[in-house]
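Chain and residue survey
Chain residues, written in single-letter form:
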2 protein chains.
Amino acid sequence: MNILLCNDDGIHAPGLRLLRDTAREYGEVSVVAPEYERSAAGHSITLADPLRTKEIYHGDDFFGWAVSGTPADCVKLAVCALLDEPPDIVLSGVNLGSNTGISVLYSGTVSAATEGVILGIPGIAFSLCTYETPHWETAAGVVRRVLDRFLHNGLRPGSLLNVNIPNLPHGELRGMKPAGMGKSRFVEKFHKRTDPQGNTYYWLDGELEILDRTDDIDIRVVGEGYVALTPIHFDLTDRDWLDHLRDASEHTE
Amino acid sequence: MNILLCNDDGIHAPGLRLLRDTAREYGEVSVVAPEYERSAAGHSITLADPLRTKEIYHGDDFFGWAVSGTPADCVKLAVCALLDEPPDIVLSGVNLGSNTGISVLYSGTVSAATEGVILGIPGIAFSLCTYETPHWETAAGVVRRVLDRFLHNGLRPGSLLNVNIPNLPHGELRGMKPAGMGKSRFVEKFHKRTDPQGNTYYWLDGELEILDRTDDIDIRVVGEGYVALTPIHFDLTDRDWLDHLRDASEHTE
């Protein structure tokens, strides 16, 4: 099995090294990742500039390709130019920080897996829900449990699995739980400051607010100590509104 | 009515000037847009850098704020810092080039309207489907028809309306038609080249391939000479797979 790894924290991030060490137990692993952090890259791609690659070695060990682009660029370039044959799966992460609720839209980690799905390759995105001291050993254990369960069957074409891991010692995890993407928004403010030259600048700050009353959403499930397994797809059509528009069109014609 | 305008072609793009001229017939208009082109920005936002703004004048007329960020950054900054009160609607475009099918995921034009929707403000994204000689007068006419129909009622919280306009003389338009976001992919290749210093670089190229057999999708509707009206939402949960995962979890517990 050929496994392609990517992330949005950049090719030197510890979560990517962990994912590579773990994924090598399951197949042939290739790494193609942004040369520096591209968090919140969303599903952006690079059209107006060329992409460059750098081969990264750890001692004598070829670690992977660093790319001067976004996570989605990396997966495109890997599949269409760098790899001899398309991978069987794209794994992304392990991201530092949660990708739950509306964050999924902004997430470069998720977008790497999304790009795989668009190209017809199943994908899994992994995030460890903390910006503080990470329980990496928990993340490694969860990656193994998820790959054991989903790698050879259980993934669906056209969708990806978004995995959010609570930052707890492995023994304190309460299990894995399927969960929806929670309706949420950021309550945001911009810090308005003045630089040493007297020019104004703004810096974004914000907190996630849950707008969802249902229990089994990603944000709540992680808060309760479960690994959240959220299937994500990309047919963005609002079918209910579309049906309404079609009815209205028939009445006016 | 307070109307916020944004785009991804940048604050100096002709499609934004057209949208401003037209929208001013309907209410008070503010423009907050990227200072240069951010096509394919997807739903990226700027976290690691500050944002700066520039006031843009056309002669004595204050045109709007240019922002050193992405379309989503612009809408956030407008709503949370620049405007005295939140707008009643976000209009984005008029983009040069279609935003149909899977392109919706990569589109900065759509993401400006998306950001409005996330903040609780309805949004409409407009795209004129050409990169060649644009029929701007057609685009202006369609913006009017869409605003006449949807501005005061008919928009839904949590969703946006994605409008794709065929590049035809206005008299040749066949009408407006509700349409789904067509399942599609890019058939991509990277041009591998060598720069004057002897270094390799890659440049993305590709064509949209339709994978959808249904008739009433955005790509086909535009091709037939209709304006495509596509309602877009952001609950990405794959409910069918989620139900299956929940069933499977119950059986194993």
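Residues numbered from 1 in each chain as written. Chains lettered and ligands numbered in written order. Predicted model: local features only at pLDDT ≥ 70, side-chain atom pairs only at ≥ 80, totals over all residues. Heavy atoms only, no water.

Observations regarding the overall build of chain A
Per the secondary structure count, chain A includes seven helices and eleven strands. Compactness check: chain A gives a C-alpha radius of gyration of 20 Å against a globular reference of 18 Å for 253 residues, within 12% of the reference. The dimensions of chain A, computed from C-alpha atoms along their principal axes, are 70 × 60 × 45 Å. Excluding contacts between residues fewer than 6 apart, the proportion of contacts in chain A whose partners are at least 24 apart in sequence is 74%. Counting every atom, chain A has about 10700 Å² of accessible surface; 45% of that belongs to carbon and sulfur. Once the 22 positive and 37 negative side-chain charges of chain A are each reduced to a mean point, those two points are 3 Å apart. (Helix = DSSP H or I, 4+ residues; strand = E, 2+ residues; numbered from the N terminus. Rg over C-alpha atoms; globule rule 2.2 N^0.38 Å. Contact = heavy atoms within 4.5 Å. Areas by Shrake-Rupley, 256 points an atom, 1.4 Å probe, with all protein chains shown as cover. Lys, Arg positive; Asp, Glu negative; His and termini not counted. Charge placed at Lys NZ, Arg CZ, Asp CG, Glu CD.)

Some details on helix α2 (residues 71-82) of chain B
With ten of twelve residues buried, α2 of chain B lies mostly within the body of the structure. Taken as a whole, α2 of chain B has its buried residues at P71, A72, D73, C74, V75, K76, L77, A78, V79 and L82 of chain B. (Buried < 20%, exposed > 50% of the residue type's maximum accessible area, 1.4 Å probe, protein only.)

Notes on the interface of chain A and chain B
Opposite the 67 residues of chain A that make contact, chain B presents 67 residues. Summing both partners gives a buried area of about 6400 Å² for chain A against chain B, and 63% of it is carried by carbon and sulfur. On the chain A side of the contact with chain B, Y202, L236 and W241 of chain A bury the most area, a combined 13% of that side's loss. At the junction of chain A with chain B, the criterion picks out six salt bridges. (Buried area = accessible area lost by both parts, 1.4 Å probe. Salt bridge = Lys/Arg side-chain N within 4 Å of Asp/Glu carboxyl O.)

Details of the relation of the copies chain A and chain B
Between the two copies of the chain lies a relationship made up of a rotation around an axis and a movement along it. Each copy superposes on the other: chain A lies on chain B with an RMSD of 0.0 Å after a rotation of 180° and an axial shift of 0.0 Å. What the superposition gives is, in effect, a two-fold axis relating one chain to the other. The overlap is high: 100% of the interface residues of chain A also sit at the interface in chain B, so the same surface is used on both sides. (Least-squares fit on C-alpha atoms with pLDDT ≥ 70 in both.)

Some words on empty space enclosed by the protein
Taken as a whole and judged by the stated rule, the model has one cavity of 30 Å³ or more. Around the largest cavity, the lining is made up of 20 residues, and of these H43 and L105 of chain A together with H43, L105 and L236 of chain B lie nearest the centre. Its residues assigned to classes, the lining of the largest cavity comprises ten nonpolar, ten polar and no charged. (1 Å grid on protein atoms, 1.4 Å probe; cavity = no way out; pocket = protein on both sides within 12 Å on 5 of 7 lines; lining within 4 Å. Points joined across faces, edges and corners; volume = space filled by probe spheres on them. Nonpolar A, V, L, I, M, F, W, Y, C, P; charged D, E, K, R; others polar.)

A closer look at the sheet that holds strand β5 (residues 89-96) of chain A
Residue and element names in this part refer to chain A. Strands sit in the order β3-β4-β2-β1-β5-β6-β7-β11-β8 across an open sheet of nine strands; the sheet is mixed. Every interior strand has two partners, whereas the edge strands, β3 (53-58) and β8 (175-178), have only one. If you compare each strand with its neighbour and ignore which way they point, the axes differ by 25° on average. Against the sheet, helix α1 (residues 14-23) contacts β1 (2-6), β2 (28-34), β3, β4 (61-67), β5 and β6 (123-129), and its axis sits at roughly 140° relative to β5. (Pairing = 2+ DSSP bridges. Axes fitted to C-alpha atoms, helices over the stretch in contact; angles between N-to-C directions.)

Topic: the UniProt feature "binding site: a divalent metal cation" (unreviewed entry) in chain A
Residues and elements named next belong to chain A. In the numbering adopted here, UniProt assigns the feature "binding site: a divalent metal cation" (unreviewed entry) to D8, D9, S39 and N95. Their sequence span is 88 residues, while the largest C-alpha to C-alpha distance among them is just 9.2 Å; these annotated residues converge on one region. If we skip the residues at most four places from it in the chain, D8 touches E37, R38, S39, A40, P71, N95, S107, G108 and T109. Tracing the backbone shows N95 in strand β5. With residues near it in sequence (within four places) discarded, N95 still touches D8, D9, T109, F126, S127 and L128. (UniProt positions renumbered as here; feature names shortened; annotations may be inferred.)

Description of the layout of surface pockets
Roughly 850 Å³ of internal volume is contained in the second largest pocket. As for the second largest pocket, its lining consists of 36 residues, of which L47 of chain A together with S98, S103, Y131 and F186 of chain B are closest to the centre. For the lining of the second largest pocket, the elements supplying multiple residues, two or more each, are α1 (14-23), β5 (89-96), α3 (103-106), α4 (108-118), β9 (184-194), β10 (200-210) and α6 (218-223) of chain B. Broken down by element, the residue count for the lining of the second largest pocket peaks at four residues, all from β10 of chain B.

Here's the deal with the sheet that holds strand β11 (residues 226-233) of chain B
Within a beta sheet, neighbouring strands are joined by backbone hydrogen bonds and run either parallel or antiparallel to one another. All names here are of chain B. Strand order in the open sheet made by the nine strands is β3-β4-β2-β1-β5-β6-β7-β11-β8, with mixed pairing throughout. At either end of the open sheet lies a strand with only one pairing partner, and these are β3 (53-58) and β8 (175-178). Averaged over all pairs of adjacent strands, the angle between strand axes in this sheet comes to 25°, irrespective of strand direction. Bridge count for β8 against β11 is four bridges, and the pairing is parallel. Residue pairing for β11: P178 is matched across the bridge by L229. Against the sheet, helix α5 (residues 136-150) touches β5, β6 (123-129), β7 (159-166), β8 and β11, its axis set at about 150° to β7.

A look at the state of the cysteines
Residues and elements named next belong to chain B. Taken as a whole and assessed by the stated rule, the structure comprises zero disulfides over all chains. C80 takes part in no disulfide bond, and the closest cysteine sulfur to it belongs to C74, at a distance of 13 Å. Its sulfur unpaired, C129 is 19 Å from the next cysteine sulfur, which belongs to C6. (Disulfide = S-S within 2.5 Å.)

Some points on the packing of α2 of chain B against α4 of chain B
All names here are of chain B. One can describe the packing of α2 onto α4 by two numbers: an axis separation of 7 Å at closest approach and a directional angle of 30°. Comparing their axes, α4 and α2 come out roughly parallel. Crossing angle aside, the handedness with which α2 passes α4 is right-handed. The residues of α4 that touch α2, namely those facing P71, A72, V75 and K76, are G108, S111, A112, E115 and G116. (Parallel < 35°, antiparallel > 145°, perpendicular 65-115°, else oblique. Left-handed = near helix turned anticlockwise from the far one by under 90°.)

Considerations on the packing of aromatic side chains
Scanning the entire structure with this criterion turns up eight aromatic pairs over all chains. Aromatic pair F62 of chain A and W65 of chain A: ring centres 5.1 Å apart, planes at 80°, arrangement edge-to-face. A relative accessible area of 29% places F62 of chain A in the partly exposed class. Between Y106 of chain B and F186 of chain B, the ring centres sit 6.0 Å apart and the planes meet at 75°, which makes this aromatic pair edge-to-face. Taken together, the positions of Y106 of chain B in helix α3 and F186 of chain B in strand β9 put the pair 80 residues apart, joining distant regions of the chain. Members of the aromatic cluster, joined through ring pairs, are Y57, F62 and W65 of chain A. Lying over the aromatic face of Y226 of chain B, K177 of chain B brings its terminal NZ or CZ to 4.3 Å of the ring centre. (Phe/Tyr/Trp six-rings, centres within 6.5 Å; stacked < 30°, edge-to-face > 60°. Lys NZ or Arg CZ within 6 Å of the ring centre and 35° of its normal.)

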